[in-house]
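Each chain, written out:
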Amino acid sequence: MADSAFKRILLKLSGEALMGDLEYGTDPERVTQIARQVAAVQARGVEVAIVVGAGNIYRGLAGAAAGMDRATADYMGMLATVLNALALQDALEKLGAHTRVQSAITISEVAEPYIRRRAMRHLEKGRVVIFAAGTGNPFFTTDTAAALRALEIHAEAILMAKNSVEGVYSADPALYPDAEFIERITHMEALERGLKVMDSTALSLCMDNDLPLYVFNMDDERNIDRIVSGERVGTLVST
Ligand code: UDP
C-alpha cells in the first residue's frame, strides 16, 4: 500500500451524502459504501475523524422558515445529526472498525460527550471518531463544526464530500452546464467569489488557520483513498 500523505484527517459528510437516491433519511447501502471507504483508509493507518450533517433529516432554517424559533429548530437539527452518527457508527462497526461517537450535546446513553483530549486518544488508538451535534450551538452549521473540530484535533486537512460533483465550480453546475471546474483556489478567493465550498463562517475559520480543504465527489468510491495517497482529486482549497 502506498504511503499516506496524511496522518490525521477530518471527513465532513453532509446529511445528503448519506441519503443516496432517497428523498429523506439514510440509505443503508449508501452508508455502508461510505463506511467501507472510511474503514479502508483507517486500516492503512490514517486517523479518521468524521463530522456528520443532517440535511437528509432536518435543517434548522427550514423550521425557522415555517415559523419556529430558530434556536429551537437548530437544536432539532443538531439532534438529527446524532441519528446519522449512529447509523454510520453501526455500519463501520459491522465492517470491524472500532468507533466512538462524541456528541456536542450531552446524550450519554448513546454517545460520549465531546472531550477533545479523549477524542485525540481514540484516534491514536485507531478508532474512528464521529462527532455529532455540530458545535452544540444554534446558528452554526456542521461545516463550522468540521472546521472547528479539525483545528482542535490537529487534523491536517478536511475532506469535504460532495454528491454528484467533482469539486468546486465557478457556478452551480446543476444550473449552469458551462460552469468551469476549479482545480485549485485559495480560501480568500473562494470567499470573495461566494463559491460553494462550505459556508463562509467555516471557510473563514479554515483560512485564518491555514487548514486545507479537499473537496471531492463521494460517488467515486476510490476518491478518499486517492486523496489520502496524495493524488490530486477534486478541488484543493488552500492558502
Ligand atoms: N446545527 C446547529 N449548530 C451546529 C451544527 C448544526 O444549529 O453547530 C443545526 C442547523 O439547524 C443545521 C442542522 O443542524 O441546519 C443540520 O446541519 P447542516 O445543515 O450543517 O447539515 P448538512 O448540510 O451538512 O447536511
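Because the structure is predicted, anything quoted here is derived from the model rather than measured.

Each value, and the rule that gives it
Residues numbered from 1 in each chain as written. Predicted model: local features only at pLDDT ≥ 70, side-chain atom pairs only at ≥ 80, totals over all residues. Heavy atoms only, no water. Salt bridge = Lys/Arg side-chain N within 4 Å of Asp/Glu carboxyl O. Helix = DSSP H or I, 4+ residues; strand = E, 2+ residues; numbered from the N terminus. Buried < 20%, exposed > 50% of the residue type's maximum accessible area, 1.4 Å probe, protein only. Pairing = 2+ DSSP bridges. Right-handed = clockwise from strand over helix to strand, strands pointing away. Near = heavy atom within 4 Å. Polar contact = N/O pair within 3.5 Å; in protein donor to acceptor, adjacent residues only side chain to side chain. Areas by Shrake-Rupley, 256 points an atom, 1.4 Å probe, with all protein chains shown as cover. 1 Å grid on protein atoms, 1.4 Å probe; cavity = no way out; pocket = protein on both sides within 12 Å on 5 of 7 lines; lining within 4 Å. Sits in = over half its atoms within 2 Å of the grid points. Nonpolar A, V, L, I, M, F, W, Y, C, P; charged D, E, K, R; others polar.

**So, the pattern of salt bridges**
Following the criterion strictly, the structure yields 18 salt bridges and no others. A salt bridge links Arg59 to Glu16, with the shortest nitrogen-to-oxygen separation between them at 3.5 Å. Of the two residues, Arg59 is situated in the loop between β2 (47-52) and α2 (60-65) and Glu16 in the loop between β1 (8-13) and α1 (28-43); the sequence distance between them amounts to 43 residues. Between Asp220 and Arg222 there is a salt bridge, and its shortest N-O distance comes to 2.9 Å. Using a relative accessible area of 22% as the deciding quantity, one classes Asp220 as partly exposed. One salt-bridge network, held together by shared partners, links Asp220, Arg222, Arg226 and Glu231.

**Notes on the pairing of β1**
Most of β1 sits inside the fold, with six of its six residues counted as buried. Judged from the six bridges that link them, β1 and β2 form a sheet pairing that is parallel. The residue of β2 that forms the bridge with Leu13 is Val52. Handedness of the crossover is the feature at issue here: the chain leaves β1, passes through α1, returns alongside β2, and the resulting connection is right-handed. Relative to strand β6 (residues 157-162), β1 runs parallel, the two sharing four bridges. Opposite Leu11, over in β6, you have Leu159 as the bridge partner.

**A few points about the sheet that holds strand β11 (residues 235-237)**
In space, the nine strands of this open sheet follow the order β4-β3-β5-β2-β1-β6-β10-β11-β9, with mixed pairing throughout. With one partner strand each, in any of the chains shown, β4 (112-113) and β9 (184-185) form the two edges of the open sheet.

**What to know about the site of the ligand**
Around the ligand, the structure places 20 residues, and the nearest of them are Arg59, Asp74, Thr135, Asn137 and Thr142. One of the backbone N or O atoms of Ala54 is found 3.1 Å from an oxygen atom in the ligand. Contact between the ligand and Arg59: an oxygen atom at 2.5 Å from a side-chain N or O atom of the residue. Protein burial of the ligand: of its 520 Å² of free accessible surface, 93% is covered by the chains. Most atoms of the ligand, that is more than half of them, are within 2 Å of grid points of the largest pocket. Of the residues forming the shell around the ligand, the biggest block, three residues, is contributed by helix α3 (residues 70-94). Each residue belonging to the shell around the ligand can be placed in one class, and the counts come to six nonpolar, eleven polar and three charged.

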